[in-house]
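Below are the chains, spelled out letter by letter.
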Amino acid sequence: MESASTSDFGGFHHWKNPDHQSIGKTALEYLQKLSGPTHIHISGKDPSRARAVVTLLHDNEPSGLHAIHEVLKHRVEPAVDIHYFIPSVDAAKQAPGFIYRMLPHHKDLNRCFTPPYSESEQDRLAQELLRILTALAPECVIDIHNTSSSSPPFEVTTFMDERHDALVSLFTRRMIVTDLKLGSLMEISESMMPTVTIECGGVQDPESNLLATEGLNKYTTYENVLTLSHTDMSLEFFYNPIRLELVEGSDIAYGDHCLLENGVTLLPEIEHFNFGFVSPETRLGFISGELRDCLRANDPKGKEKLLDYFRTVDGELYPTRRLKLFMVTTNPEIARKDCLFYLLEADANSGASVIL
Ligand SMILES: [Zn+2]
């Protein structure tokens, strides 16, 4: 067995062509064998070319690691060199495995890929990953995630062209295009190489691991993943969704009656609206206090749109119009630190799907 060793790649342990026995029987067993941020390099048929895969930027999103483990276990020979990056190994390993999105008091690693950089461990790791990607110059990067609640798969990009469409269609047909800058890895698309975020579906959805594995198989073995010749799939585009966020000082809970004296209570069933529609009659939850003191909904230009889309009736929260929701979470921690969900006007995207 070739053991993992610290290379001159700094924060990442470099592991080239791990042998079959050394990867464990399951993704969790494999994770236990890794010690810290890991870079696995698999030689392909054409070593003059390379592609990169990143996963576990969020520690509780295991489908990407599962897919990598499957592909390594089945010794699938890649078409080109493949570089796997698994940054958040330590947090993911906290028993019983894949519990934290990030360790308590740690920064969200997937918000650290654009300046200003701080001296935090996550900023340093993000910069190290960017340095390695620059040196390796892969033809593209995919970053594999799970959603925190049950959801169909989708993809997020900040950039649109045939190369991004082609990468996405290896995994899914739903494509969210956003100008919103949060410091996530996919934002390097504009300055470096095509990079897309794949959201495989919820951790609890049994299809998520399968989707990640099938997509990764294609990504590693296809001769060409950046033109649309490999697909006849039609993509559905969702442009510039609005994030519904908690106002600082407000709080959130999930339940079928109002649970907070000051804040937002959402119905737990709200996750079933992922990529579905809500109408002005759909009760979403309860608000105590002023709506604007609890929630904000800025469009990507920073313009406040909350009252365009939401209203309260006797303390109950309703949409003002038909909306499409996605990335709905029922995890209060994620709702507090990130957002409650994304939304678009239901009719804004009609006719936006194109046949490729
Ligand atoms: Zn994630």
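Residues numbered from 1 in each chain as written. Predicted model: local features only at pLDDT ≥ 70, side-chain atom pairs only at ≥ 80, totals over all residues. Heavy atoms only, no water.

Caption draft 1: Structural view of the coordination of the zinc ion. Of the protein atoms, only His-58 (ND1), Glu-61 (OE), Glu-61 (OE) and His-145 (ND1) coordinate the zinc ion, at distances of 2.0 to 2.6 Å. Considering all four donor atoms around the zinc ion, angles at the metal cover 55 to 140 degrees and the coordination shape is irregular. For the zinc ion, all donor residues lie on one chain, and their spacing in sequence is H-x2-E-x83-H. One end of the pair, Glu-61, is in the loop between β4 (46-55) and α2 (63-73); the other, His-145, is in strand β6 (residues 141-147), and 84 residues separate them in sequence. His-145 matches Glu-61 in its accessibility class, with the two residues each being buried. (Donors = N, O, S within 2.8 Å, 3.2 Å for Na, K, Ca; no water. Tetrahedral: all angles 85-135°; square planar, octahedral: opposite > 155°, others 65-115°. Helix = DSSP H or I, 4+ residues; strand = E, 2+ residues; numbered from the N terminus. Buried < 20%, exposed > 50% of the residue type's maximum accessible area, 1.4 Å probe, protein only.)

Caption draft 2: Inspection of the sheet that holds strand β15 (residues 285-288) at higher detail. Reading across the sheet, the five strands line up as β12-β13-β15-β18-β17 and stay open at both edges, with mixed pairing between neighbours. At either margin of the open sheet sits one strand with a lone partner, and together these are β12 (252-254) and β17 (310-313). The mean angle between the axes of side-by-side strands here comes to 30 degrees, regardless of whether they run parallel or antiparallel. Of the pairings in the sheet, the one linking β17 to strand β18 (residues 316-319) comprises four bridges and is antiparallel in character. Looking across to β18, one finds that Phe-310 is bridged to Pro-319. (Pairing = 2+ DSSP bridges. Axes fitted to C-alpha atoms, helices over the stretch in contact; angles between N-to-C directions.)

Caption draft 3: Just the side chain of Arg-174, in detail. Its location among the elements puts Arg-174 in strand β8 (residues 174-177). Within the structure, Arg-174 has its side chain in polar contact with the backbone oxygen of Pro-153 (distance 2.8 Å). Leave out the neighbours within four places in its chain, and Arg-174 touches Pro-152, Pro-153, Phe-154, Glu-155, Val-168, Glu-236, Phe-238 and Phe-275. (Polar contact = N/O pair within 3.5 Å; in protein donor to acceptor, adjacent residues only side chain to side chain. Contact = heavy atoms within 4.5 Å.)

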